[in-house]
Amino acid sequence: MIDTVMFDLDGTLLRITQDEFINTYFAELSKVFIRLGFDAKAAIKAVWAGTKAMILNDGAVTNKTRFWYMFSSEMELSGERLIEVEAACDSFYTNEFNIVKTVAEPTDIPRRVIHSLKAKGLAVVLATNPLFPPCAVETRLGWLGLSANDFILVTDYSNSSYCKPNPEYYREILGKIGKTPPQCLMVGNNAREDMCAADLGIDTYLVTDFLENETNADISAFKKGTLAEMEKYLETFRS
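An account of the accompanying structure is given in this report. For every chain, the first residue of its written sequence is number 1, and the numbers climb from 1 along that sequence. Owing to the predicted nature of the model, reporting of local features is limited to residues with pLDDT of at least 70; listing and counting of side-chain atom pairs is limited to 80 or more, with chain, interface and lining totals taken over all residues. The basis for every side-chain value is the complete set of heavy atoms in the structure, and neither hydrogens nor water enter the calculation.

### Focus: the pattern of salt bridges
We count it as follows: Whenever a carboxyl oxygen of Asp or Glu lies within 4 Å of a side-chain nitrogen of Lys or Arg, that contact is scored as a salt bridge. Comment: elements are numbered from the N terminus, with helices defined as DSSP H or I runs of at least four residues and strands as E runs of at least two.
Summed over the entire model, instances satisfying the criterion amount to 16 salt bridges. Between aspartate 108 and arginine 111 there is a salt bridge, with its nearest N and O atoms 3.2 Å apart. Of the charged contacts, one joins lysine 118 and aspartate 150 as a salt bridge, the two residues approaching to 3.6 Å between their closest N and O atoms. Of this pair, lysine 118 sits in helix 5 (residues 109-119) while aspartate 150 sits in the loop between helix 6 (134-142) and strand 3 (153-154), placing them 32 residues apart in sequence.

Rendered as structure tokens:
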């Protein structure tokens, strides 16, 4: 019996397209690097290198460690300079990052769904790809009127050692929350990154408003629908 629902964030609960998000996000982040005296293009390239390192992470260290090791290597930073950069980025995610909210479509559905599930005694997890620090995830949740306290677990780069679409990412979540695959449902908008949870026996629901299916995978077997339809589907859940 399903008693735990995992939710992706970007493109699922947060109504935003990946391209709009990335373009606006990097435009603002570049300003931070310029203030720090970096060449913005080189710094953004280093961010992408760090992101790739996290996606390929094998569980030996946290994604945070993978990211900053790669970023500092690419930018040839001293330990002291790295501390300065990380602090500046955390400040950015808490403050200027809020500008990115302007490209997200407002909706009350995520807040209603999360509160409804919790009121019925179900556990909810924010299973967002752990490529960001906790403060960046918290800021994006704030755009929805939610916070990390609304979930029993929020994945971020400091508490995760794998990324989507590696099934080990979901196995790591199961270990942290003490659940088995048959107890869980994964809700997401990416046919590969989110629906690969099914490889472990986790039930899935594909949200189609901002569907991502880069490989044109066959999605006919997945339960699917809009965010509004997903809300109606989850109304049937009981603990």
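### Some remarks on the sheet that holds strand 3
Quick reminder of the rule: Between any two strands, at least two bridges found by DSSP are needed for them to pair. It only takes one pair of heavy atoms within 4.5 Å for two residues to be counted as in contact. Helix axes are fitted only over the stretch in contact, all axes being lines through C-alpha atoms; the angle between N-to-C directions runs from 0 to 180 degrees.
Here we have six strands laid out as an open sheet, ordered 3-2-1-4-5-6, and parallel in their pairing. The open sheet is flanked by strand 3 and strand 6 (223-225), the only strands paired with a single partner. Where strand 2 (residues 123-126) lies against strand 3, two bridges are found, and the strand directions are parallel. Pairing of leucine 126 across the sheet is with valine 154, part of strand 3. Sheet strands in contact with helix 5 are strand 1 (4-7) and strand 2, and its direction is about 160° off that of strand 1. Against the sheet, helix 7 (residues 167-177) contacts strand 1, strand 2, strand 3 and strand 4 (184-188), and its axis sits at roughly 135° relative to strand 1.

### A closer look at the packing of aromatic side chains
Applied cut-off: For this analysis, a ring pair means two rings from Phe, Tyr or Trp (six-membered ring only for Trp) whose centres lie within 6.5 Å, classed as stacked if their planes differ by under 30 degrees, edge-to-face if by over 60, and tilted for the remaining angles. Classification of residues uses two cut-offs on accessible area relative to the type maximum, computed with a 1.4 Å probe and protein chains only: under 20% is buried, over 50% is exposed, and between them is partly exposed. Counted as over-ring charges are cases with an Arg CZ or a Lys NZ within 6 Å of the ring centre that also lie within 35 degrees of the ring normal.
A complete count under the given rule lists 24 aromatic pairs for this structure. With a centroid separation of 5.8 Å and an interplanar angle of 45°, the aromatic rings of phenylalanine 92 and phenylalanine 97 are classed as tilted. According to the relative accessible area criterion, phenylalanine 92 is buried, its value standing at 0%. Judged by relative accessible area, phenylalanine 97 falls into the buried class, the value being 0%. Measuring from centroid to centroid gives 5.9 Å for tyrosine 93 and phenylalanine 132, while their planes differ by 85°, and the two rings are edge-to-face. Of this pair, tyrosine 93 sits in helix 4 (residues 79-94) while phenylalanine 132 sits in the loop between strand 2 and helix 6, and the two are 39 residues apart along the sequence. Of the aromatic side chains, those joined through ring pairs into one cluster are Phe21, Tyr25, Phe26, Trp48, Phe92, Tyr93, Phe97, Phe132 and Trp143. Over the face of the ring belonging to phenylalanine 132 we find arginine 140, whose NZ or CZ atom lies 4.7 Å from the ring centre.

### Thoughts on the packing of helix 5 against helix 8 (residues 227-234)
We count it as follows: Should an angle fall under 35 degrees it is called roughly parallel, over 145 degrees roughly antiparallel, and 65 to 115 degrees roughly perpendicular, with every other angle called oblique. Working rule for handedness: look at the near helix, and if it is turned counterclockwise from the far one by less than a right angle, call the crossing left-handed; if clockwise, right-handed. For this classification, the nonpolar set comprises Ala, Val, Leu, Ile, Met, Phe, Trp, Tyr, Cys and Pro, the charged set comprises Asp, Glu, Lys and Arg, and every other residue, Gly included, is treated as polar.
Between helix 5 and helix 8, the shortest axis-to-axis distance is 10 Å and the interhelical angle comes to 10°. Between helix 5 and helix 8, the angle is such that the two are roughly parallel. Between helix 5 and helix 8 lies a crossing whose hand is left-handed. Along its contact with helix 5, which presents Ile109, Pro110, Arg112, Val113 and Leu117, the element helix 8 presents Leu227, Ala228, Met230, Glu231 and Leu234. In terms of residue class, the contact of helix 5 with helix 8 is built from eight nonpolar, no polar and two charged.

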